[in-house]
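Analysis of the macromolecular model
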Amino acid sequence: MTVELRSYVGGKWQVGGRAAQDRNPARPSEVVGDVQHADARLAAQAVDAAAAAFPAWRSLPAPARGDILRKAADLLDQRAADVGRDLTREEGKTLAEGIGETRRAVQILRYFAGQTLEPDGQTYPSHTPGLFLYARREPIGVVSAITPWNFPIAIPAWKIAPALAYGNAVVWKPAELVPLTAVHLLQALVDAGLPAGVLNLVLGRGSEVGDVLVTHAAVHAITFTGSNSVGRALQQKATEKGKKVQLELGGKNPAVVLADADLDQAAEQVARGAFLSAGQKCTATSRVIVEAPVLRGFQERLVALAEGWKLGDPLESDTRVGPLVSADQLKTVTDYLDIAVHEGGHMLAGGSRAAELGEGFYIKPTVIANVGPDSRVVREEIFGPVAALLPAASYDEAIQLANDTLYGLSASVFTNDLTRAFRFADEIHAGVVKVNQESAGIEFQVPFGGMQESSSGSREQGKAAREFFTQWKTVYMDRVPARA
Ligand code: ADP
């Protein structure tokens, strides 16, 4: 079934705009939705609508804002099976992942609903007798949220929920590939009673509407998740205009398998990190650094999983790995597989498109050996189900290889040695560290973000989210002198 997908600005669905089609990556001939893309003028209207709605929204008591988020969570929970299915139809991750991600968005909405009851400031002892000195967190104003396609409901939820909970108005531009999931999240919030203009959805191309959302005078802050090139360019434009910017960018995340690791556990977790969601996670595992004595044993196990996990239609319940999201991604990943071969890489598993699965954008889970630390497939983000193996002679060499990257989002180590686990947690340059767990898979109540080129600005999620979506106001409240 095909649906009509439009932007939502100032409390109204907006008709008109350039036509585009939302397609199923498992069967690209299937059109999931007919989209009307917004132009720059509509994007500017969305910012104006948010600016107009902001004063009343910030004046609403925070717990009342929380009630709306909680109601939206309940509605999304009731709809999770349908929303998750639509997410799978337009993005390509498995149905279990699509529904799981939708339920994660529910949890995030509930969590930030709860945060509206938390203390919003601090009192301080003053040097002046009788003075009441306090500092309070206030919203920043209009926030532009620009989101990617790989977590089409969880990432928007973890930006939009705190933005709204803390009293901001939002203009949201989801990635062009996932408009249907975006409409579902917006609809839950609208059905829960969000006032017109408080959240505006702009469906459109980054190149057409991006500049307005980043540079418009009424926008105070931009929260972005996506590629390094787009993120850095946007950051420059926004900071020139004095706006607050938060970026979550790429990763080239290592998993280090030490000689004392449980190899079955390590292989299972590395396969999950590298191949689930077809490797299209910024926290996916893409470099696997293995201590020499266990290289062969680990490699055999990982290859068995790569070849054993079912690649196929993500709506089928036994599928573990679905298609890549688009023809562009398919080209990027197949180009990297060619590069790996030219660099002398040896494909231990996969290494090509699964042409037998028809028109879908399927890449076989791939394990590459015999590539050096300076090869492009070891240095650059691929965003596909591809793991490169690197042998290490010792722990010291392993940590040196793991840190030999410009990125720093997440990292795993597999060991039963407490001392080495602590050393790794201490020495690795990464914002998220996992011991005996895959590098992907994060919880919403803790800070999330990376080091080096992976992130910029304050952390997302958990209580850390408040840092970005609010600003301090410090109040010196003195008395009028008592007169006799
Ligand atoms: P990805 O590799 O995840 O597609 P992108 O950085 O291309 O990463 O996209 C992330 C988000 O940024 C998407 O919503 C995309 O439409 C948006 N985007 C792309 N170009 C621009 C731009 N020039 N200005 C603002 N947003 C943009």
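Here the structure is a predicted model, which means the values were calculated and not measured.

Quick word on the packing of aromatic side chains
This model, assessed by the stated rule, comprises eight aromatic pairs. Here tryptophan 149 and phenylalanine 383 contribute two aromatic rings whose centre-to-centre distance is 5.6 Å and whose plane-to-plane angle is 85 degrees, an arrangement assigned as edge-to-face. Of this pair, tryptophan 149 sits in the loop between β8 (142-146) and α5 (154-165) while phenylalanine 383 is found in the loop between α12 (376-379) and β17 (386-392), placing the two residues 234 residues apart along the sequence. Residue phenylalanine 383 is classed as buried on the basis of its relative accessible area of 16%. Ring geometry for phenylalanine 275 versus tryptophan 309: centroids 6.4 Å apart, planes at 85 degrees, classification edge-to-face. Highlighted residues: phenylalanine 275 in helix α9 (residues 263-275) and tryptophan 309 in the loop between α10 (295-308) and α11 (327-342), separated in sequence by 34 residues. What makes phenylalanine 275 buried here is its relative accessible area of 0%. Cluster of aromatic residues (ring-pair linked, three or more members): Tyr111, Phe112 and Phe444.

A short note on the sheet that holds strand β4 (residues 18-24)
Within a sheet, neighbouring strands are paired by backbone hydrogen bonds and run either parallel or antiparallel to one another. Taken together, the three strands give an open sheet; going across it, the order is β1-β5-β4, and neighbouring strands pair in mixed fashion. Looking along the sheet, the strands with just one partner apiece sit at the ends: β1 (3-5) and β4. Across the sheet, the mean angle from the axis of one strand to that of its neighbour is 40 degrees, orientation sign disregarded. Across three bridges, the pairing between β1 and strand β5 (residues 27-37) is parallel. Bridge pairing links glutamate 4 to aspartate 34 in β5. This element, helix α3 (residues 80-91), spans β4 and β5 of the sheet and lies at about 100 degrees to β4.

Notes on the site of the ligand
Around the ligand there are 16 residues in total, and Thr147, Trp149, Lys173, Glu176 and Ser227 lie nearest to it. Note that an oxygen atom of the ligand is positioned 2.7 Å from one of the side-chain N or O atoms of glutamate 176. The side chain of serine 227 places a nitrogen or oxygen atom 2.7 Å from an oxygen atom of the ligand. Burial of the ligand by the protein amounts to 76% of the accessible area it has alone, namely 550 Å². Contributions of two or more residues to the shell around the ligand are made by α7 (206-215), β11 (221-225) and α8 (228-240). Residue classes in the shell around the ligand are distributed as eight nonpolar, six polar and two charged.

A look at the sheet that holds β17
An order of β15-β16-β17-β14-β13-β18-β19 is seen for the seven strands of this open sheet, with the pairing classed as mixed. At either end of the open sheet lies a strand with only one pairing partner, and these are β15 (346-349) and β19 (432-435). Across the sheet, the mean angle from the axis of one strand to that of its neighbour is 25 degrees, orientation sign disregarded. With three bridges connecting them, β15 and strand β16 (residues 366-369) associate as antiparallel partners. Pairing of alanine 349 across the sheet is with valine 367, part of β16.

Comments concerning unusual backbone geometry
A positive phi angle is found at alanine 278, which is not glycine, with a value near 55 degrees. The residue alanine 278 is located in the loop between α9 and β14 (285-291) in this model. Positive phi, close to 50 degrees, is recorded for glutamine 452, a residue that is not glycine. You can see glutamine 452 is positioned in the loop between β19 and β20 (455-456).

A look at the packing of α7 against α8
The axes of two packed helices give the description: the angle between them and the distance between them. The N-to-C vectors of α7 and α8 enclose an angle of 40 degrees; their axes lie 9 Å apart at closest approach. The two elements α7 and α8 meet at a crossing, and its hand is right-handed. On α8, the residues that touch Asp211, Val214 and Thr215 of α7 are Leu234, Lys237 and Ala238. Here the contact of α7 with α8 is built from residues that sort into three nonpolar, one polar and two charged.

Digging into the side chain of arginine 137
Here arginine 137 is to be found in strand β7 (residues 132-139). Engagement of the side chain of arginine 137 in a polar contact is seen with the side chain of glutamate 467, the distance being 2.9 Å. At 3.1 Å, the side chain of arginine 137 and the side chain of threonine 470 are in polar contact. Among all residues touching arginine 137, those that are not within four sequence positions of it are Asp120, Arg466, Glu467, Thr470, Gln471 and Trp472.

So, the domain arrangement of the chain
What the domain assignment reports for the chain is domain 1 (3-249 + 455-474) and domain 2 (253-435). Distance between the C-alpha centres of domain 1 and domain 2: 31 Å. At the interface, 24 residues of domain 1 touch 25 residues of domain 2. Approximately 1,900 Å² of surface area, both sides summed, lies buried where domain 1 meets domain 2, with 60% of it carried by carbon and sulfur atoms. Put simply, domain 1 and domain 2 have one salt bridge between them. For aspartate 313, the salt bridge is made with arginine 27, and the minimal N-O distance between the two is 3.0 Å. Linking domain 1 to domain 2 there are six residue pairs in polar contact (both at pLDDT 80 or more).

Rules behind the numbers
- Residues numbered from 1 in each chain as written.
- Predicted model: local features only at pLDDT ≥ 70, side-chain atom pairs only at ≥ 80, totals over all residues.
- Heavy atoms only, no water.
- Phe/Tyr/Trp six-rings, centres within 6.5 Å; stacked < 30°, edge-to-face > 60°.
- Helix = DSSP H or I, 4+ residues; strand = E, 2+ residues; numbered from the N terminus.
- Buried < 20%, exposed > 50% of the residue type's maximum accessible area, 1.4 Å probe, protein only.
- Pairing = 2+ DSSP bridges.
- Axes fitted to C-alpha atoms, helices over the stretch in contact; angles between N-to-C directions.
- Contact = heavy atoms within 4.5 Å.
- Near = heavy atom within 4 Å.
- Polar contact = N/O pair within 3.5 Å; in protein donor to acceptor, adjacent residues only side chain to side chain.
- Areas by Shrake-Rupley, 256 points an atom, 1.4 Å probe, with all protein chains shown as cover.
- Nonpolar A, V, L, I, M, F, W, Y, C, P; charged D, E, K, R; others polar.
- Left-handed = near helix turned anticlockwise from the far one by under 90°.
- Domains from an automatic or database assignment.
- Buried area = accessible area lost by both parts, 1.4 Å probe.
- Salt bridge = Lys/Arg side-chain N within 4 Å of Asp/Glu carboxyl O.

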